[in-house]
Amino acid sequence: MSSARVDYIAPWWTYWLHQFPHVNLRFQPLDHTFKPQEENYQQSLIFLGCVAAAGLGVNLLCLAIYLSCLCCCRKDEEEEESKKSNSCCVTWAAVAAGLICCVAVGVGFYGNSETNDGVYQLTYSLYNANHTLAGVDSLVTGTMGGMQSSLNDHLSRLGEIFATRGDFVQTLHFMQQMSDNIIKQLLGLPDWEKAKVDLAAIADQTAYVEYYRWLTYLLILILDLIICLAACLGLAKQSRWLLTTMMVFGVLTLILSWASLGADVATAVGTSDFCVAPDKFLMNQTKDIISSDIVHYYLYCSQTLPNPFQQFVLQSLTVFQRSLTTMQIQIQGLLQFAVPLFPTAERDLLSIQHLLNSSEASLHQLTALLDCRGLNKDYLDALIGVCYDGVEGLLYLCLFSLLAACAFSVMLCAIPRAWRQIANRDRDYDDIDDGDPFNPQSRRMTSHHSQQANMHSFCSYSSSMGSQTSLQPPAQTVTNAPLSEYMNQSALFGGNPRYENVPLIGRGSPPPSLYSQPYRNRVSCCIITVLLSKFLCPPTLPLIFHPLFCFSCFSLHEFE
């Protein structure tokens with residue numbers, strides 16, 4: 001029996017997947033024939049899933065080694081070049097992980113859609129084939145029931161009416177023989193009941209599994225995208241709790257990626273084994289239900305090769321047609337010659353004529369349904385949907401799983417380093433003295449505290465001396481601090497360099513830029529007031545009252 005066909009050619013990727021090693025759990029090589037019922041073949045597919053599990057173990061082991069080295073190895077974090085290189089490394093790793101994750105999600109959406117389209121085409125073809133077989137079974141059952149019950153009842157009543165006419169009774173016996181011959185030909189047709197039930201069950205189960213598979217992958221794709229975006233947000237905002245949370249979810253998503261990879265590879269290999277030789281598998285499955293000649297007729301539907309089933313169908317339907325034609329001729333004769341003599345026979349004769357007409361219409365429908373082109377088209381559509389769109393979509397899903405695993409591996413490598421940099425930055429801020437005026441945190445002090453501190457410092461200084469000479473500042477020690485030291489310190493802590501503050505480096509007094517403009521005005525007002533009191537007030541005025549001018553100045557300024 002020839003198995004060559006020109007209307008279906010398996011795609012190249014099915015042959016490539018078909019060549020994957022088939023090994024059971026005892027590491028014994030197996031045949032690549034599609035045998036889903038055998039335990040060894042099921043173990044060969046499970047073995048492919050175990051390979052993906054081994055890949056997950058290697059991936060997690062590499063990540064554990066990397067994190068251990070990161071925690072144990074101490075680097076010099078004080079050098080500026082080292083900080084810049086680490087920050088640049090984390091940035092590029094985050095960018096790479098984000099891009100790979102976005103590409104993986106796009107590939108996953110396309111693969112999920114392609115697989116769903118292929119499975120939908122398979123179920124649609126199965127339902128069409130089931131409808132065809134159900135129609136054949138309905139027509140055969142209806143015609144046989146009409147011939148066995150309704151026709152026999154009408155012939156029995158006509159026999160009682162035509163009892164006195166032997167020629168009419170002989171015509172009725174001839175019609176009975178034709179009816180038995182039609183029933184015999186219908187019984188010779190194949191029984192499609194078992195095939196119909198199997199196709200409907202397979203279609204329903206396939207549609208059920210595919211719905212939850214599609215929904216599961218959709219949720220995985222959305223979860224991967226959310227985790228990727230949340231990790232990028234945590235790196236941008238330098239949020240340690242968000243990075244820690246995303247790291248935990250990243251590990252879970254990495255496990256899901258490898259698990260989906262194993263399931264996709266096993267499913268793709270098993271489907272490819274079927275797609276390489278689908279006719280052989282179907283003929284082996286239906287050999288106990290339908291004759292192999294009939295299955296071959298519908299699978300190949302070749303007009304050039306001789307087919308015994310095609311000849312059998314044509315012979316049966318031809319006998320069926322001739323018997324109906326002969327019976328219709330006999331009924332027409334009885335309506336013409338017997339009704340004038342037996343008017344009560346007209347009703348039964350018209351009922352038989354109507355039954356024969358409906359049987360002839362059923363015959364034409366049965367001829368069209370039994371033609372191989374309808375079922376063969378459904379069969380080819382199912383093969384194309386599974387082997388082209390379905391397996392191609394599974395390959396894209398495998399690519400998605402690999403890309404997602406790579407993206408989250410890079411992310412899990414970048415997050416601990418970023419977390420460590422954030423911790424080092426916070427530790428550097430904690431090491432700065434709170435009284436250091438160049439500390440960015442000291443600039444966040446409220447104006448109330450600054451006002452109290454500045455007023456107390458000036459009044460204590462001006463009132464402690466008790467003389468006008470207290471206005472002279474103490475001897476200043478000129479600092480030798482270079483300009484670049486102050487510039488580096490100001491740029492390091494986030495401040496803006498101010499050249500007028502350079503001479504204040506090394507002093508005990510804070511820079512003038514620390515005071516706000518109202519405070520500067522108050523200090524200037526007090527100095528001017530004391531100087532005026534020195535030259536304008538009488539010498540007899542005790543010097544103890546000179547500081548009162550300063551307090552008056554502060555009060556007036558506050559009122560204004």
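Residues numbered from 1 in each chain as written. Predicted model: local features only at pLDDT ≥ 70, side-chain atom pairs only at ≥ 80, totals over all residues. Heavy atoms only, no water.

Here the focus is the overall build of the protein. Counting secondary structure elements, the protein contains 15 helices and 0 strands. The buried share of the protein, taken over its 560 residues, is 38%. Pairs at least 24 residues apart make up 78% of the contacts formed inside the protein by residues separated by at least 6 positions. Here the protein displays about 31,800 Å² of accessible surface, and carbon together with sulfur accounts for 63% of that area. (Helix = DSSP H or I, 4+ residues; strand = E, 2+ residues; numbered from the N terminus. Buried < 20%, exposed > 50% of the residue type's maximum accessible area, 1.4 Å probe, protein only. Contact = heavy atoms within 4.5 Å. Areas by Shrake-Rupley, 256 points an atom, 1.4 Å probe, with all protein chains shown as cover.)

Within the secondary structure, Ser44 is located in helix α2 (residues 39-72). Judged by its relative accessible area of 1%, Ser44 falls in the buried class. Each residue touching Ser44, except ones within four places of it in the same chain, is listed here: His22, Val23, Asn24 and Leu30.

With that settled, the discussion passes to helix α4 (residues 166-187). The end-to-end C-alpha separation of α4 is 32 Å, in line with the 32 Å expected for 22 residues at 1.5 Å each. Phe168, Thr171, Leu172, Met175, Met178, Ser179, Ile182, Ile183, Gln185 and Leu186 are the residues of α4 that are buried. Buried residues of α4 fall within an arc of 160 degrees about the axis and therefore sit on the same side. Facing away from the buried side of α4 by more than 90 degrees, the exposed set consists of Gly166, Gln170, His173, Gln177, Lys184 and Leu187. (Expected span 1.5 Å × (residues − 1). Arc of directions from axis to C-beta.)

Turning next to a nonpolar patch on the surface. Together, Leu60, Val248, Phe249, Val251, Leu252 and Ile255 make up a nonpolar patch on the protein surface, roughly 460 Å² of accessible area in all. Along the chain, Ile255 falls in helix α6 (residues 240-276). (Patch = residues over 30% accessible without salt bridge, like charges linked within 9 Å, V, L, I, M, F, W, Y side chains within 5 Å. Salt bridge = Lys/Arg side-chain N within 4 Å of Asp/Glu carboxyl O.)

Time to look at the packing of α2 against α6. It is the contact of α2 with α6, at a shortest axis distance of 9 Å, that shows an interaxial angle of 155 degrees. Comparing the axis directions of α2 and α6 gives the class roughly antiparallel. Here α2 runs over α6; the crossing is right-handed. From α2, Tyr41, Leu45, Leu48, Gly49, Ala52, Gly55, Leu56, Asn59, Leu60, Leu63 and Leu67 reach across to α6, where they touch Met247, Leu254, Ile255, Trp258, Gly262, Val265, Ala266, Val269, Gly270 and Asp273. Here the contact of α2 with α6 is composed, by residue class, of 15 nonpolar, 5 polar and 1 charged. (Axes fitted to C-alpha atoms, helices over the stretch in contact; angles between N-to-C directions. Parallel < 35°, antiparallel > 145°, perpendicular 65-115°, else oblique. Left-handed = near helix turned anticlockwise from the far one by under 90°. Nonpolar A, V, L, I, M, F, W, Y, C, P; charged D, E, K, R; others polar.)

At Phe27, a position not held by glycine, the phi torsion is positive, near 60 degrees. With respect to the secondary-structure elements, Phe27 resides in the loop between α1 (12-18) and α2.

Before going further, it helps to spend a moment on the state of the cysteines. Taken as a whole and judged by the stated rule, the model has 2 disulfides. A sulfur-sulfur separation of 1.9 Å characterises the disulfide bridge that pairs Cys275 with Cys387. Disulfide Cys275-Cys387: torsion about the S-S bond near -95 degrees, hence left-handed. With Cys275 in helix α6 and Cys387 in helix α11 (residues 372-431), this residue pair connects regions lying 112 residues apart in the sequence. Here Cys301 pairs with Cys372 through a disulfide, and the sulfurs are 2.0 Å apart. The S-S bond linking Cys301 to Cys372 shows a torsion near 55 degrees; that makes this disulfide right-handed. Here Cys301 is found in the loop between α8 (292-300) and α9 (308-337), whereas its partner Cys372 is found in helix α11, with 71 residues between them in sequence. Taken individually, Cys301 and Cys372 each receive the classification buried, so the pair is uniform in this respect. With no disulfide of its own, Cys228 has Cys101 as its nearest cysteine by sulfur position, at a separation of 3.6 Å. The class for Cys228 is buried, based on a relative accessible area of 2%. Free cysteine Cys232: the closest other cysteine sulfur is in Cys228, separated by 4.5 Å. (Disulfide = S-S within 2.5 Å.)

With that out of the way, let us pick up the pattern of salt bridges. As enumerated under the stated definition, the model contains 6 salt bridges in all. In this structure, Arg373 and Asp371 form a salt bridge, with 2.7 Å as the shortest nitrogen-oxygen distance. Put simply, Asp381 and Lys377 hold a salt bridge, and the shortest N to O gap is 3.0 Å. Here Asp381 and its partner Lys377 are both found in helix α11, 4 residues apart, which amounts to about one turn of the helix.

Okay, the packing of helix α7 (residues 278-285) against α8 next. As a packed pair, α7 and α8 sit with axes 10 Å apart at the nearest point and diverge in direction by 150 degrees. Between α7 and α8, the angle falls in the class roughly antiparallel. The crossing of α7 and α8 is right-handed. For the pair formed by α7 and α8, the contact residues are Asp279, Leu282 and Met283 on the first element and Ser292, Val295, His296, Leu299 and Tyr300 on the second.

Moving on, we come to the confidence of the model for the protein. Per-residue pLDDT for the protein has a mean of 74; in total, 68% of the residues score no lower than 70. Per-residue pLDDT, averaged within each element of the protein, yields its smallest value for helix α15 (residues 546-559) (41) and its largest for α1 (93). In the model, residues 438-509 has pLDDT below 50 throughout and makes 63 contacts with residues more than four positions away in sequence or in other chains. (pLDDT = per-residue confidence, 0-100.)

Turning our eyes to something else, we now look at the nonpolar core. Of all hydrophobic cores here, the largest spans 63 residues; its most connected members are Phe162, Met175, Leu334, Ile352 and Leu366. With 12 residues, the top contributor of residues to this core is helix α3 (residues 80-161). Counting 31 residues, the second largest nonpolar core, distinct from the first, contains Trp13, Cys228, Phe400 and Ala418. (Core = buried A, V, L, I, M, F, W, Y, C linked by side-chain atoms within 4.5 Å.)

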